[in-house]
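Chain by chain, the residues run as shown.
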Amino acid sequence: MAFFAARQPILDKDKKLVAYELLFRESLKNVFPDIGEDIATSKIIEGLQFNLGLDTLTENKLAFINFTQETLLQRYPLMLPKEQLVVEILESVPPTRQLLEVCKEFKEKGYQIALDDYVHKNVWLHFFPYVDIIKVDLRDSTPEQVEEIRKAAAPFPSIKLLAEKVETHEEFHQAIEMGFSYFQGYFFSKPEVMRSRTLDPSQLTIAQLMTELASEEPDTQAISKVFETDVNLSFKLLRYAQSPLFKRRNDIVNIKQAIIALGLQELRRFVSLLFTAQFSDRKPAALTVMSLVRARFCEHLSAQPGQHSSEAGAFLTGMLSLLDGLLDASLPELLDKLPLSPPIKAALIEGEGRLADYLLMAKAFEAADWPSAQQLCKQLELSIDKVTRLYVDSVRWATVRENMG
C-alpha cells in the first residue's frame, strides 16, 4: 500500500529554514484515512522511522506533524523523538480537560506544541502555558481576528505566531508587521521584485556547460577545456569527485579523470548544482533544495518505462523551474539568454509537453495535492506507489547534495 508524503517549508523572518510540516496520507484522498486512528498513526510513525527517514525528510530541522484527538489521547507523539517533533493539534480537536492533561504531559517531557489553524476562543487560554506556536491561516483570517489572537497570546512571551499560506512577498512583509515570527508557504520561490537581470561571465560559462551536457551526445573534450580554463570550477569539480559519496579507489588528479570518474549523469547534476548555487547567496536554502528535488524527480520520471524523454533534459527542466525565484526576474526573459532545447523552453514557459507534466507532478507532491498527482499518474501511465518512492528518493538525494555544497 502506498504511503504518501509531502513536506512544506517553514521559514523565519530572515527567510531561514527552521522546520518542515510533513503531510501524510494513506490514500490519494486529501483527508485523514478512514481507518482506525491507532492503525493510521502507526502507519505514519512506521513510515517516518523505517521508510521515509525523519532526519532526511526534514534536513535535521523540526518536523511539524498533525495529530487528531484520538492519537493525542493515545500519546502517539511520544513514539517520535522530542528533539525533532512539533506536535500539531488539529483545529478539529476540542479543548477538553483530558486534552489539557495530555498537553501538560507532552510539555513536561520536552515536546513542543502547536495549535493548527487557530481561531481564538477563551477556553484555549487554559492551554496557552503549554503552547509554543499558534498557526494562523492568513487566507481564512481577517486582520481583526489576527490582532485578537496576538493580544490573547501577548501575556505568554514563549508563544510564537506562525502565518500559513504566505504566497507572495507582500504577504510575507505584511505578516511580519502583524507580529508573526514564522511563515509557511511558497512566497520565497517567486520573484520578489521583477527587474531586468543579466548573467555574468561565470554564470554564462556554467549555463553553457549545462546546455552541452543536456545534449544527446555531449562533447567530453569540449567540456574538459571549459573546466581547465576556470580555476575555480576545476577546484570544485575535483573536490566533488573526491567526495566519500562516490567511494573512489584512487585519488583523482586531473579534470579529465574527474569527468570520467563521475560519468556524464553525475556531472550533469554537479554542474546544475553549481548553476543554482550561483544565485542562492541571498535566497532561502529551501529554494535551492527545492530546485534539486524537482530536478532529480523529473529525471526519475523521465527514466520510467514508456516515457521517451531525455533524462538530462528532464533534470535541467526541474532545475531551471525556479530560476525566476532565484534571480528575481521573469523566467521567459532569463531563458531567452540560454541556448536551451525547444522542449525545455516549451515546458518552462508555455507549460506544454511531457517535461511540463513532470513539473506538475513535482508541484503536486510539494503541495500534497494528491488528486492532481493521481490524475497525472494516470495520464503518464505510472504507478502512484512507484512515483511516491521516487519523490522520497529525490528529497533524500537533494538533501545530501545540498549539504555537500
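The rules behind these values
Residues numbered from 1 in each chain as written. Predicted model: local features only at pLDDT ≥ 70, side-chain atom pairs only at ≥ 80, totals over all residues. Heavy atoms only, no water. Helix = DSSP H or I, 4+ residues; strand = E, 2+ residues; numbered from the N terminus. Buried < 20%, exposed > 50% of the residue type's maximum accessible area, 1.4 Å probe, protein only. Contact = heavy atoms within 4.5 Å. Areas by Shrake-Rupley, 256 points an atom, 1.4 Å probe, with all protein chains shown as cover. Axes fitted to C-alpha atoms, helices over the stretch in contact; angles between N-to-C directions. Parallel < 35°, antiparallel > 145°, perpendicular 65-115°, else oblique. Nonpolar A, V, L, I, M, F, W, Y, C, P; charged D, E, K, R; others polar. Pairing = 2+ DSSP bridges. Right-handed = clockwise from strand over helix to strand, strands pointing away. Core = buried A, V, L, I, M, F, W, Y, C linked by side-chain atoms within 4.5 Å. Left-handed = near helix turned anticlockwise from the far one by under 90°.

**Here's the deal with the overall build of the chain**
Counting its secondary structure elements, the chain contains 18 helices and 8 strands. Put simply, the chain has 405 residues, and 53% of those count as buried. Sequence-distant contacts, at least 24 apart, represent 65% of the contacts inside the chain between residues at least 6 apart. Accessible area of the chain: about 18600 Å², with a carbon and sulfur share of 50%.

**Overview of the packing of helix α9 (residues 231–241) against helix α10 (residues 255–277)**
Interhelical geometry of α9 versus α10 gives an angle of 105° and a closest axis separation of 9 Å. Comparing the axis directions of α9 and α10 gives the class roughly perpendicular. Facing α9, whose interface residues are L233, S234, K236, L237, L238, Y240 and A241, α10 presents I255, A258, I259, L262, E266, L267, F270 and L274. Taken together, the residues of the contact of α9 with α10 sort by class into 12 nonpolar, 1 polar and 2 charged.

**Topic: the environment of A19**
Tracing the chain through its elements places A19 in strand β2 (residues 17–25). For A19, a relative accessible area of 1% translates into the label buried. When near neighbours in sequence (up to four residues on either side) are disregarded, A19 contacts Q8, P9, I10, K61, L62 and F64.

**Things to note about helix α12 (residues 311–320)**
Among the 10 residues in α12, 9 count as buried, and that is most of the element. Taken as a whole, α12 has its buried residues at A312, G313, A314, F315, L316, T317, G318, M319 and L320.

**Overview of the pairing of strand β5 (residues 112–115)**
Across 4 bridges, strand β4 (residues 85–89) lies against β5 in parallel orientation. Residue pairing in the sheet places V87 in a bridge with I113 of β5. Handedness of the crossover joining β4 and β5 through helix α4 (residues 97–108): right-handed. For β5 and strand β6 (residues 133–137), the ladder comprises 2 bridges, and the chain directions are parallel. The partner of L115 across the bridge, within β6, is I134.

**Section: the nonpolar core**
With 123 residues, the main nonpolar core has I134, F227, L267 and M361 as its most contacted residues. With near-sequence residues (within four places) excluded, F227 lies in contact with L209, L233, S234, L237, I255, I259, L267, F270 and V271. With 7 residues, the next largest nonpolar core counts I10, A19, V86 and I133 among its residues.

**A short note on the packing of α12 against helix α15 (residues 342–350)**
When two helices pack together, their arrangement is captured by the angle between the axes and the distance separating the axes. Interhelical geometry of α12 versus α15 gives an angle of 30° and a closest axis separation of 10 Å. Taken together, the axes of α12 and α15 lie roughly parallel to each other. Read as a crossing pair, α12 and α15 show a hand that is right-handed. Where α12 approaches α15, its residues G313, L316, T317 and L320 are matched on the opposing element by I344, A347 and L348. In the contact of α12 with α15, the residues fall into 5 nonpolar, 2 polar and no charged.

**Side note on the environment of G179**
Its location among the elements puts G179 in the loop between α6 (169–177) and β8 (182–184). Since its relative accessible area comes to 35%, G179 is described here as partly exposed.

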